[in-house]
Amino acid sequence: MSAADRSEARKPEAAEPGAGKPGGGKPEAAGPEAGYASRRPARPPGVLRSYLRAARRGRGPSRPQGPSGTLPPVELVLPGLTVDRRRLARYVRLCGGEPGEFLPPAYPHLLAFPAALALMTAPGFPLPALGLVHIANTLTRLRPIRADERLTVRVRTADLRPHPRGTAFDLLAEVSGDTDGDLLWHSAGTYLRRHPAEPGRPGAATPPPRPGGVAPPFAEAARWQLAAGAGRRYASVSGDRNPIHLHPWTARPFGFRRAVAHGMWTKARVLEALGPELPAAVRVEVAFRAPVPLPSEVRLALDRAPDGRSTAFTLTGAADGRTHLRGRAEAL
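One structure accompanies this document, and this report is about it. In this text the structure is predicted, and so the values were computed from the model without any measurement.

This part takes up the overall build of the protein. On a plain count of helices and strands, the protein comes out with 7 helices and 11 strands. A total of 332 residues make up the protein; the buried ones form 51% of that total. Surface accessibility of the protein: about 15,300 Å² in total, with carbon and sulfur atoms responsible for 54%.

See below:
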């Protein structure tokens, strides 16, 4: 754990989903979700402590365990969070940008991470946290967030379900203004615990193919060389030290021959590349189709809508053309 990370664990910081209330006026942050117990820790959960709990549990059983195989109905609320500007600068540069007045669109994910990890390593959570794979993420920014704003973060898990490749669940987070309570940003991430599907288990069958159609005319926008240590560098900034991202020897017990890039880092790099094209209020949906092995070279391609309100994008392997990431950024 770096000095910057230890500093973050000691002082409040910030987080990811939910949506604004329908209708006119400013969106407001949601209160406790129905059926969830809201908890407000005295200080942000320590990432190191959560990883120690995860290590004690180890890889654990592959399939859901615990009371009736359900997710604990707990929501963590972290008020009064502030952003460490040095950490922010490291993050922005790692994603290929330069620090500015506002948070990058994906940065609140880092602010929610300590609470998310605490939930996923708490007693009673039905899946081991080590080795989880991020397979999809949708973030919604209702307005740009200034780097000096005080924020409140809410994080919870939901919808534990069978998946063709194992067991999946959603991680939901919200960021609101600490003073006025306005909802500023929210996201929903889907995580997968890989294991062989059980015959006859609901959701175990291969999903039907999507309707056919003509692929959009993507145009190459950039090529990136991703170094072998990219996962370790992002881990030092984000706190996400999932073993699958660090070294080949830590990734192999979870089914990967090489370390793989963090999905949210690849998404953040795409958003940084879009830069000024992104609307102030925007929704960005991404499916992480295949892990990005490290090291590798990847190709970013874009398809901009004629009206300028949306941009579709893909990230593919430069050598084999394999699609690693596919998504769309759309103005609200």
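From this point, the discussion proceeds with the structure in view.
By size, the foremost hydrophobic cluster in this structure holds 80 residues, and its most contacted members are Tyr91, Val155 and Phe313. When residues in this core are grouped by element, the largest group, 10 residues, is from helix 4 (residues 108-120). Apart from the residues lying within four places of it in its own chain, the contact partners of Tyr91 are Pro104, Ala106, Tyr107, Leu110, Tyr234, Val237 and Ala268.

The next subject is helix 3 (residues 85-94). For helix 3, the set of buried residues is Arg87, Leu88, Ala89, Tyr91, Val92 and Leu94. In this structure Asp84 caps helix 3, since a side-chain oxygen of it lies 3.0 Å from the backbone nitrogen of Arg86. Just past helix 3, the residue Gly96 takes up positive phi, approximately 90°.

Its boundaries defined by the atoms lining it, the second largest cavity holds a volume of some 40 Å³. Tallying contributions element by element places helix 7 (residues 263-274) first for the lining of the second largest cavity, with 3 residues.

This part takes up the pairing of strand 5 (residues 166-177). When you tally the buried positions in strand 5, you get 12 out of 12 residues, the bulk of the element. Where strand 4 (residues 151-163) hands over to strand 5, the hairpin turn is made up of 2 residues, counted between the paired strands. Summarising the sheet, strand 5 and strand 6 (residues 183-194) pair through 11 bridges and their orientation is antiparallel. Bridge pairing in strand 6 places Ala168 opposite Leu192. Remark: 5 residues form the turn of the hairpin made by strand 5 and strand 6, two consecutive strands paired antiparallel; Gly181 in that turn has positive phi of roughly 75°.

Let us look at the packing of aromatic side chains. Applying the stated criterion across every chain, the model contains 4 aromatic pairs. Centre to centre, the rings of Tyr91 and Tyr107 are 5.0 Å apart; their planes meet at 75°, and the pair counts as edge-to-face. Residue Tyr91 is found in helix 3, and its partner Tyr107 is found in the loop between helix 3 and helix 4; the two are separated by 16 residues along the sequence. We note that Tyr91, like Tyr107, is buried. These aromatic residues form a ring-pair network of at least three members: Tyr91, Tyr107 and Tyr234. In this structure, Arg156 is placed above the aromatic ring of Tyr36, and the distance from its NZ or CZ to the ring centre is 5.7 Å. Just above the ring of Trp224 sits the side chain of Arg269; from NZ or CZ to the centre is 4.3 Å.

Where strand 2 (residues 74-81) lies against strand 4, 4 bridges are found, and the strand directions are antiparallel. Directly across from Leu78, in strand 4, lies its bridge partner Val153. Pairing of strand 4 with strand 5 involves 11 bridges; the strand directions are antiparallel. When the sheet's bridge partners are listed, Arg161 is paired in strand 5 with Ala168.

This brings us to the sheet that holds strand 1 (residues 37-39). Read from one edge to the other, the open sheet built from 11 strands follows the order 1-2-4-5-6-3-8-11-10-9-7, with strand pairing classed as mixed. The open sheet has two edge strands, strand 1 and strand 7 (219-226), and neither has a second partner. Between one strand axis and the next, the sheet turns by 20° as a mean value, whatever way the strands run. Along the sheet, helix 4 makes contact with strand 2, strand 3 (133-141), strand 4, strand 5 and strand 6, crossing strand 4 at roughly 55°. Contacts from helix 7 reach strand 3, strand 7, strand 8 (282-288), strand 9 (296-304), strand 10 (310-317) and strand 11 (323-331), with the element oriented near 135° to strand 8.

Turning our attention to the packing of helix 3 against helix 5 (residues 230-238). Taken N-terminus to C-terminus, the directions of helix 3 and helix 5 make an angle of 150°; their axes are 9 Å apart at the nearest point. As the angle between them shows, helix 3 and helix 5 are arranged roughly antiparallel. Considering how the two elements wind past one another, helix 3 and helix 5 form a crossing that is left-handed. Counting all contacts with helix 3, which are made through Arg87, Arg90, Tyr91 and Leu94, the residues of helix 5 involved are Arg233, Tyr234, Ser236, Val237 and Ser238. In terms of residue class, the contact of helix 3 with helix 5 is made up of 4 nonpolar, 2 polar and 3 charged.

Quick notes on the rules
- Residues numbered from 1 in each chain as written.
- Predicted model: local features only at pLDDT ≥ 70, side-chain atom pairs only at ≥ 80, totals over all residues.
- Heavy atoms only, no water.
- Helix = DSSP H or I, 4+ residues; strand = E, 2+ residues; numbered from the N terminus.
- Buried < 20%, exposed > 50% of the residue type's maximum accessible area, 1.4 Å probe, protein only.
- Areas by Shrake-Rupley, 256 points an atom, 1.4 Å probe, with all protein chains shown as cover.
- Core = buried A, V, L, I, M, F, W, Y, C linked by side-chain atoms within 4.5 Å.
- Contact = heavy atoms within 4.5 Å.
- Polar contact = N/O pair within 3.5 Å; in protein donor to acceptor, adjacent residues only side chain to side chain.
- 1 Å grid on protein atoms, 1.4 Å probe; cavity = no way out; pocket = protein on both sides within 12 Å on 5 of 7 lines; lining within 4 Å.
- Points joined across faces, edges and corners; volume = space filled by probe spheres on them.
- Pairing = 2+ DSSP bridges.
- Phe/Tyr/Trp six-rings, centres within 6.5 Å; stacked < 30°, edge-to-face > 60°.
- Lys NZ or Arg CZ within 6 Å of the ring centre and 35° of its normal.
- Axes fitted to C-alpha atoms, helices over the stretch in contact; angles between N-to-C directions.
- Parallel < 35°, antiparallel > 145°, perpendicular 65-115°, else oblique.
- Left-handed = near helix turned anticlockwise from the far one by under 90°.
- Nonpolar A, V, L, I, M, F, W, Y, C, P; charged D, E, K, R; others polar.

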